[in-house]
Structures are given as C-alpha cells and as structure tokens.
Amino acid sequence: MTVVQSADLVGLGRAEDLLQAVVAANDAVGLAEVLHDDLVARGHDGLLHGKAEDVAGYASGAFAVISYAELRRHCLLHEVTGITFVRAAISARSSGEEVSVVMDYTRTWVHDDGRWQVIAAHLSPVSD
C-alpha cells in the first residue's frame, strides 16, 4: 500500500521516518516502495548499487538490521526535490557477521505520484 505524502518538509520528514522504519524492520517490500526504480547509491564499500541489489540484500537475509537509532537529521527542500542528511547508529548482520557502526547518510528524494522516493544516496561510516 502506497502512502500519499505531502510535497513539503513535513511530508519529506515522514518519508524519511518511513524509510528508517522499513530498514529497521528488514522489510524488503516496504523498502522497494520507498526506493525509486532508478536509484543509484554509493555504499560503504565505495561501489554504486541499484534498487534491485539493495532490496535483494534485505529479502535474502544477507543483510539484516538488528538495531537502528537516528542520532541527528537535517532536511532540505527545493520544489519537488528533497535531501535528508542523517547520522545513525546501526547494528546489523552482514554475511553472517555482526557489525556496529555509526553511519552518515545523504539521500536525495523526488516527489512523484503523491509520494517521496529516494533516487540517489551516499552512505559512509563516521570516522573516529
């Protein structure tokens, strides 16, 4: 079920909340709704990844979030484009190994058909 979200900062904030909730719940179906089909994301490995690859990691269980806690957030809006800057503390299981890390996320969102979707993203671990 697709949720209608307003094309303003409140709607963008709710979209970010939804993204974090589906990630924390390891909800591959929900994640597919929030990510744009044309998504390009630079992962922690420095490589570019697409929507199908990201969703498949959750669906297969190759990547599973144990805990997700937002530490801070800043949102920008320009017409139908939004950007969220999020720092989060994450514990996850990746390829059978448990990891805990603080990550910085920059997500570019587009508002289309009454909802926000991530079309570009960059994530990187926070260095000490």
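The sections below set out a description of the structure shown in this document. (Residues numbered from 1 in each chain as written. Predicted model: local features only at pLDDT ≥ 70, side-chain atom pairs only at ≥ 80, totals over all residues. Heavy atoms only, no water.)

## Examining the pairing of strand β5 (residues 97-112)
In this sheet, β5 lies alongside strand β4 (residues 81-94) in antiparallel orientation, the contact comprising 14 bridges. Paired with A89 across the bridge in β5 is V102. Where β4 folds back on β5, the antiparallel hairpin that results is connected by two residues, among which S95 adopts a positive phi of roughly 50°. In terms of strand pairing, β5 meets strand β6 (residues 115-125) through ten bridges, oriented antiparallel. Residue pairing across strands places Y105 opposite L123, the latter belonging to β6. Where β5 folds back onto β6 in an antiparallel hairpin, the turn is made up of two residues, including D113, whose phi is positive at roughly 55°. (Pairing = 2+ DSSP bridges. Helix = DSSP H or I, 4+ residues; strand = E, 2+ residues; numbered from the N terminus.)

## What about the nonpolar core?
Counting 25 residues, the largest nonpolar core has L19, L31, Y68, Y105 and W109 as its most contacted members. Counting only elements with at least two residues in this core, the list comes to α1 (9-24), α2 (28-34), β1 (35-42), α3 (51-60), β3 (63-78), β4, β5 and β6. Counting residues per element, this core draws most heavily on α1, which supplies five residues. (Core = buried A, V, L, I, M, F, W, Y, C linked by side-chain atoms within 4.5 Å. Buried < 20%, exposed > 50% of the residue type's maximum accessible area, 1.4 Å probe, protein only.)

## Some words on α1
For an α-helix the count is 3.6 residues per turn, leaving residues at separations of three or four pointing the same way. In a regular helix each residue adds 1.5 Å, so 16 residues correspond to 22 Å; α1 covers 22 Å between its end C-alpha atoms and thus fits that length. Those residues of α1 that fall on the buried side of the exposure criterion are G11, L12, G13, A15, E16, L19, Q20, V22 and V23. Those residues of α1 that are buried are in contact with α2, α3, β3, β4, β5 and β6. Looking at where α1 begins, the residue whose side-chain oxygen comes 3.2 Å from the main-chain nitrogen of V10 is D8. Positioned one or two residues after α1, N26 has a phi angle of 55°, which is positive. (Expected span 1.5 Å × (residues − 1). Contact = heavy atoms within 4.5 Å. Polar contact = N/O pair within 3.5 Å; in protein donor to acceptor, adjacent residues only side chain to side chain.)

## Things to note about the packing of aromatic side chains
Under the counting rule described, the total for this entry stands at one aromatic pair. On the basis of an interplanar angle of 75° and a centroid distance of 5.3 Å, the ring pair of Y58 and F63 is categorised as edge-to-face. Note on F63: relative accessible area 27%, which makes it partly exposed. We note R107 situated over the ring of Y105; from NZ or CZ to the ring centre the distance is 4.4 Å. (Phe/Tyr/Trp six-rings, centres within 6.5 Å; stacked < 30°, edge-to-face > 60°. Lys NZ or Arg CZ within 6 Å of the ring centre and 35° of its normal.)

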